[in-house]
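Commentary on secondary and tertiary structure
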Amino acid sequence: NAISGLSCMGIPCGMIGKIGCDSYGSFYRHDMENSGVAVHLLEGNLPSGCAMTLITPDGERTFGTYLGASATLTAEELHRSMFEGYDLLHIEGHLVQDPALIRRAVELAKEAGLRISLDLASYNVVRENYDFFHELIPNYIDIVFANEEESLAYTGKIPEESVREIGRQCEVAVVKCGSHGSLVVRGDEYVEVEAVPANVIDTTGAGDFYAAGFLVGLTRGLSMVQCGTIGAIAAGRVIEVTGTTLADETWTEIDRLIRRVEAGGYLF
């Protein structure tokens, strides 16, 4: 979701992963390619990963997840050439459950001169891999995205305090607080970003699209408030639909709003 969102917002992207030799894998590959993403997808013997998404009437969601082939990607299958020509590596936190894979990925990324962003993914993943996260973030990660539960699991603190603690360990720390907006720390800078008003139907992909929008702003050298606002725009639009596929006219609207933010204008 994050990578396809970035691509749809005009940032050239690639995707490293592993799929099965099945209809889900074929769909996944073609869907990413149709979004303009250069795919580096290996094929494994297990079925492709998939998730059953359960949405409550208030738009909240939970997943029943089968990682399948995606969980069998190994450190030995990563090569320097996969990282060359890019500026940033974005890591999905679920893969942190394979420390050897992630160590290899961040080492290759740093060798290729990339910055690294990490989405903490899930509070239970953070709890189960607590020590490794505390090794990984201070030593390799430049940008961290977390929601309230994930930041609590990592620091044991409320969002206002946790974002500052994470910000002392990396270049940029972001804690997403749903309808209450987001908190961003870069060095001594601390900003609060408002959420974009939206008709909530399905919160699936909100965090991914926020990260995509934020990284769009970062690649354009915008301020932390502008980066967070673009993230809020993208997240606000995806929660107004079921699933994470947005219509062409919605992407056109997002582009118009991004240009307004980039020009220093106000959304509300």
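Above: the structure in question.
So, a few notes on the structure that sits alongside this text. Because the structure is a prediction, the values reported are computed rather than measured.

On to helix 5 (residues 130-140), then. All buried positions along helix 5 are accounted for by Phe132, Phe133, Leu136 and Ile137. Angular distribution of buried residues about the axis of helix 5 spans 120 degrees; they occupy a single face of the element. Away from the buried face of helix 5 by more than 90 degrees, exposed residues Asp131 and Asn139 are located. Buried residues in helix 5 make contact with helix 3 (99-111), strand 6 (115-119), helix 4 (123-128), strand 7 (143-147) and helix 6 (148-155).

Moving on: the pairing of strand 7. Burial within strand 7 is extensive, with four of its five residues counted as buried. Where strand 6 and strand 7 come together, three bridges link them in parallel fashion. If you follow Leu118 over to strand 7, its bridge partner there is Val144. Here five bridges tie strand 7 to strand 8 (residues 172-176), and the two strands are oriented parallel to one another. From the neighbouring strand, Val144 faces strand 8, where its bridge partner is Ala173.

This paragraph deals with the pairing of strand 8. The element strand 8 is largely enclosed, with a buried count of five among its five residues. Going residue by residue along strand 8, you find Val172, Val174 and Lys176 tucked away on one face and Ala173 and Val175 tucked away on the opposite face as well. Alignment of strand 8 against strand 9 (residues 182-186), held across five bridges, turns out to be antiparallel. Opposite Val172, over in strand 9, you have Arg186 as the bridge partner. In this structure, the hairpin formed by strand 8 and strand 9 is closed by a connection of five residues, where Gly178 is found at a positive phi of approximately 60 degrees.

Between helix 6 and helix 7 (residues 159-167), whose axes approach to 9 Å, the crossing angle comes to 60 degrees. Classified by the angle between their axes, helix 6 and helix 7 sit oblique to one another. Crossing of helix 6 over helix 7 shows left-handed handedness. For the pair formed by helix 6 and helix 7, the contact residues are Glu148, Ser151, Tyr154 and Thr155 on the first element and Pro159, Ser162, Glu165 and Ile166 on the second. Across the contact of helix 6 with helix 7, the residue classes tally to three nonpolar, three polar and two charged.

Moving on, we get to the packing of aromatic side chains. Geometry of an aromatic ring pair is reported as the spacing of the ring centres plus the angle between the planes. If you walk through the whole model with that rule in mind, you get three aromatic pairs. Geometrically, the ring pair formed by Phe209 and Trp251 is stacked, given 6.0 Å between the ring centres and 20 degrees between the ring planes. Within this pair, whereas Phe209 is found in helix 8 (residues 206-219), its partner Trp251 is found in helix 10 (residues 248-262), the two being separated by 42 residues in sequence. Taken individually, Phe209 and Trp251 each receive the classification buried, so the pair is uniform in this respect. With 6.2 Å between their ring centres and 25 degrees between their planes, Tyr210 and Phe214 make a pair best called stacked. With a gap of four residues between them, Tyr210 and Phe214 both fall in helix 8, about one helical turn apart. A single burial state applies to Tyr210 and to Phe214, both of which are buried. Through pairs of rings, three or more aromatic residues link up here, namely Phe145, Tyr210 and Phe214. Positioned above the aromatic ring of Tyr190 is the side chain of Arg164, whose terminal nitrogen or guanidinium carbon lies 4.0 Å from the ring centre.

It is worth spelling out the packing of helix 3 against helix 5 at this point. At their nearest, the axes of helix 3 and helix 5 sit 12 Å apart, and the two run at 0 degrees to each other. One element, helix 3, and the other, helix 5, form an angle in the roughly parallel class. Contacts from Pro99, Ile102, Arg103, Val106, Glu107 and Lys110 in helix 3 reach Phe132, Glu135, Leu136 and Tyr140 in helix 5. Across the contact of helix 3 with helix 5, the residue classes tally to six nonpolar, no polar and four charged.

It is worth spelling out the pattern of salt bridges at this point. For the coordinates displayed, the defined rule picks out 13 salt bridges. Salt bridges sharing common partners tie together Arg80, Glu84 and Glu111.

Rules used throughout
- Numbers given to residues run from 1 along each chain, matching the order in which its sequence is written.
- Reporting in this predicted model follows two pLDDT cut-offs: at least 70 for local features of residues, and 80 or more for side-chain atom pairs to be given and counted; totals over whole chains, interfaces and linings ignore these cut-offs and use all residues.
- Note: side-chain values were computed over all heavy atoms of the structure, leaving out hydrogens and water.
- When a residue's accessible area, from a 1.4 Å probe over protein chains only, is under 20% of the maximum for its type it is buried; when over 50% it is exposed; and in between it is partly exposed.
- Helix and strand assignments follow DSSP, with helices taken as H or I runs no shorter than four residues and strands as E runs no shorter than two, numbered in order from the N terminus.
- Note that the arc is computed from the directions linking the helix axis to the C-beta atoms.
- Here, two residues are considered to be in contact whenever any of their heavy atoms come within 4.5 Å of each other.
- Pairing between two strands is assigned when DSSP locates at least 2 bridges connecting them.
- Each axis is a line fitted through C-alpha atoms, taken for helices only over the stretch in contact, and angles between the N-to-C directions span 0 to 180 degrees.
- Between 65 and 115 degrees an angle is taken as roughly perpendicular, under 35 as roughly parallel, over 145 as roughly antiparallel, and anywhere else as oblique.
- Handedness of a crossing follows from how the near helix is turned relative to the far one, being left-handed for an anticlockwise turn of less than a right angle and right-handed for a clockwise one.
- Under the scheme applied here, ten amino acids are nonpolar (Ala, Val, Leu, Ile, Met, Phe, Trp, Tyr, Cys and Pro), four are charged (Asp, Glu, Lys and Arg), and all others, including Gly, are polar.
- Here the aromatic set is Phe, Tyr and Trp, taking the six-membered ring for Trp, and pairing holds for ring centres within 6.5 Å; pairs whose planes are under 30 degrees apart are stacked, those over 60 apart are edge-to-face, and all others are tilted.
- Here, over-ring charges are defined by two tests on the NZ atom of lysine or the CZ atom of arginine: distance to the ring centre within 6 Å, and angle to the ring normal within 35 degrees.
- When a carboxyl oxygen of Asp or Glu is within 4 Å of a side-chain nitrogen of Lys or Arg, the pair counts as a salt bridge.

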